[in-house]
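This is what each chain is made of:
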Amino acid sequence: MISPRLRALVSCPDCRFPLRDEGARFVCPNCHRGFAPGHGYIDLRPADAFNETTKYTDEALHVDARHERVSPPLLGAGVRNRMLRDFLALTPHDRLIDLGCGSGRMMLWNHDTGAWMVGVDVAPFFAHEAIEQTDLVLGDLRRMPFPDGSFNKAWSLDVFEHLSKDALEGFLRETARVMAPGGALFVYTHVRKNAPIARGLRWINRLAAWLERRGLIDMTVERLRKSDHLNPLTDIPDLERTVGAAGFRIERIRYYTPLIGGFVENILMRMAEHAMASRARARQPAGTRDSAAAVRDARTSAKARIARGGLVYGVLQALTTLMMLDVWLFGRIRSGPFFALLVKESARPSAG
């Protein structure tokens, strides 16, 4: 949707002048560039595209159509959402921006908080429910179409690792610009330096590779999703320096080495998904079997079963709680992946 509140807020991504709402389109009174809303969101990307872009804009990453319909927050997504709600404590008075919103599912999962939310992403792979129920903007996180201090809270999940160091610094400066002093930014990402317990993840990944060679799971889409990881942050001190230069300080941090989560998602769930896709292929007419269509059918069927509740939903809820053990047991061990709350300082640090 495009709410009256969003229509009144947006500005030109190129020159930052407030846009004039002409109903059928928005016009910048300074550079006279026009923006036509449509499809339930506004395309407010800057005129000059950045050279560095994420592979999430590629159609190949979305052939399984997982973005089209939103399931309840379960498994790894459920862990992230539980931590987000704990760290941010949203209220109906909050003005929040979802930085790199993807399908828009996080906003849907937190709609009950009453906070006003705007989602921004460079790729238009939004869920149908998100288009109908939330404010969405197609834009670049390094040049956002909002005035200074527009939001008091924000979150950014699985974004930092896709950016170069220069792009990350630009993104953080721009985020600081659109946030009010004292505003809180929740992030989930990782640094390159891991704790020794992360060796367990390497064993899980080796098991996944062994199972894939024997045709028991398919990790193709997962490899594509990680193929543009640039991992710009070396370690936690590097994180502290980088966010500090943009005007943030780390208020709170918990580490997340997903040993239980990695086994559940990369082994158990991939095996279940592969089995469902194989059954879907078997139901296709002979000579017309399409692997991509089978994966889509398997995911659609699984999401429909989850939506009905019952045993499958209960089992997934239990597995999500089990996966929280990774936070409860290892959250104090400084490792690569982490959840953090960054707070914007009242004054930007001086150049010196």
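Note: the structure precedes this text.
Computed from a prediction, not measured in an experiment: that's the story for all the values here. (Residues numbered from 1 in each chain as written. Predicted model: local features only at pLDDT ≥ 70, side-chain atom pairs only at ≥ 80, totals over all residues. Heavy atoms only, no water.)

Undergrad: Where do I start with the overall build of the protein in this structure?
TA: When helices and strands are counted, the protein shows twelve helices and eleven strands. Residues classed as buried in the protein amount to 49% of the 352 residues present. In the protein, the share of contacts with a sequence separation of at least 24, taken over all contacts with a separation of at least 6, comes to 75%. Summed over its atoms, the accessible surface of the protein is roughly 16400 Å², and 54% of this surface lies on carbon and sulfur atoms. (Helix = DSSP H or I, 4+ residues; strand = E, 2+ residues; numbered from the N terminus. Buried < 20%, exposed > 50% of the residue type's maximum accessible area, 1.4 Å probe, protein only. Contact = heavy atoms within 4.5 Å. Areas by Shrake-Rupley, 256 points an atom, 1.4 Å probe, with all protein chains shown as cover.)

Undergrad: It is not clear to me how the packing of aromatic side chains should be interpreted in this structure. Could you clarify?
TA: Aromatic rings in a pair are described by how distant their centres are and how their planes are angled relative to each other. Per the counting criterion, the structure on display carries nine aromatic pairs. Pairing Phe146 with Phe151 gives two aromatic rings, centres 5.3 Å apart and planes at 90°, and the pair type is edge-to-face. Summarising the burial analysis for this pair, Phe146 and Phe151 share the class buried. Note on Tyr256 and Phe339: the rings are 5.3 Å apart at their centroids and 40° apart in plane angle, and the pair reads as tilted. One end of the pair, Tyr256, is in the loop between strand S10 (248-255) and helix H9 (259-283); the other, Phe339, is in strand S11 (residues 337-344), with 83 residues separating them in the sequence. (Phe/Tyr/Trp six-rings, centres within 6.5 Å; stacked < 30°, edge-to-face > 60°.)

Undergrad: What should I look at first to understand the side chain of Thr189 in this one?
TA: Its location among the elements puts Thr189 in strand S9 (residues 179-190). A residue is classified by how much of its surface remains accessible, and Thr189, at 2% relative accessible area, is buried. Only 2.6 Å separates the side chain of Thr189 from the side chain of Glu161, close enough to count as a polar contact. In this structure Thr189 touches Phe160, Glu161, Gly336, Pro337 and Phe338, once residues within four positions along its chain are discounted. (Polar contact = N/O pair within 3.5 Å; in protein donor to acceptor, adjacent residues only side chain to side chain.)

Undergrad: Would you mind showing me how to read the nonpolar core here?
TA: Side chains of nonpolar character tend, in soluble globular proteins, to be buried together. Grouped together as the largest cluster of nonpolar side chains are 44 residues, with contacts concentrated most on Phe146 and Leu185. Of the residues forming this core, the biggest block, six residues, is contributed by helix H5 (residues 165-178). In contact with Phe146, other than residues within four places in its own chain, are Leu6, Leu9, Val10, Ser11, Ile97, Val118, Val120, Val137, Phe151, Arg177 and Val178. In terms of nonpolar packing, the next biggest core, distinct from the first, is built from 39 residues, Val79, Ala130, Val264 and Met324 among them. (Core = buried A, V, L, I, M, F, W, Y, C linked by side-chain atoms within 4.5 Å.)

Undergrad: Explain the sheet that holds strand S6 (residues 116-121) to me, please; I cannot follow it from the model alone.
TA: Sheets are built from strands paired through backbone hydrogen bonds, the pairs being either parallel or antiparallel. Here we have eight strands laid out as an open sheet, ordered S4-S7-S6-S5-S8-S9-S11-S10, and mixed in their pairing. Edge strands, defined here as strands with exactly one partner in the open sheet, are strand S4 (42-43) and S10. Relative to S11, S9 runs antiparallel, the two sharing seven bridges. The partner of Leu185 across the bridge, within S11, is Leu342. H5 contacts strand S5 (95-99), strand S8 (151-157), S9, S10 and S11 of the sheet and is inclined by roughly 145° relative to S9. (Pairing = 2+ DSSP bridges. Axes fitted to C-alpha atoms, helices over the stretch in contact; angles between N-to-C directions.)

Undergrad: In this structure, what is going on with H5? I would like to understand it.
TA: The α-helix advances 3.6 residues per turn, and as a result positions three or four apart in sequence lie on the same side. Taking 1.5 Å of rise per residue, the 14 residues of H5 would be expected to cover 20 Å, and the 20 Å separating its terminal C-alpha atoms lies within 8% of that figure. Counting buried residues along H5, ten of its 14 residues qualify, which places the element largely inside the surrounding structure. Looking at H5, one finds that the buried residues are Ala167, Leu168, Gly170, Phe171, Leu172, Glu174, Thr175, Ala176, Arg177 and Val178. On the buried face of H5, the contacting elements are S5, S8, S9, helix H8 (236-245), S10 and S11. (Expected span 1.5 Å × (residues − 1).)

Undergrad: Just checking my understanding: could you explain the pairing of S9 for this structure?
TA: Each regular strand displays side chains that alternate between the two surfaces of the sheet. Where burial is concerned, most of S9 is hidden: nine out of the twelve residues are buried. Two elements, S8 and S9, share six bridges in a ladder whose sense is parallel. Bridged to Trp155 within S9 is Phe186. Note on the crossover from S8 through H5 to S9: the handedness is right-handed. (Right-handed = clockwise from strand over helix to strand, strands pointing away.)

Undergrad: When you look at a nonpolar patch on the surface in this model, what are you seeing that I'm missing?
TA: On the surface, Leu207, Trp210, Phe263 and Leu268 cluster together into a nonpolar patch covering about 330 Å² of accessible area. Counting only elements with at least two residues in the nonpolar patch, the list comes to helix H6 (199-213) and H9. Inspection of the secondary structure puts Leu268 in helix H9. (Patch = residues over 30% accessible without salt bridge, like charges linked within 9 Å, V, L, I, M, F, W, Y side chains within 5 Å. Salt bridge = Lys/Arg side-chain N within 4 Å of Asp/Glu carboxyl O.)

By themselves, these observations are geometric and do not establish any function.
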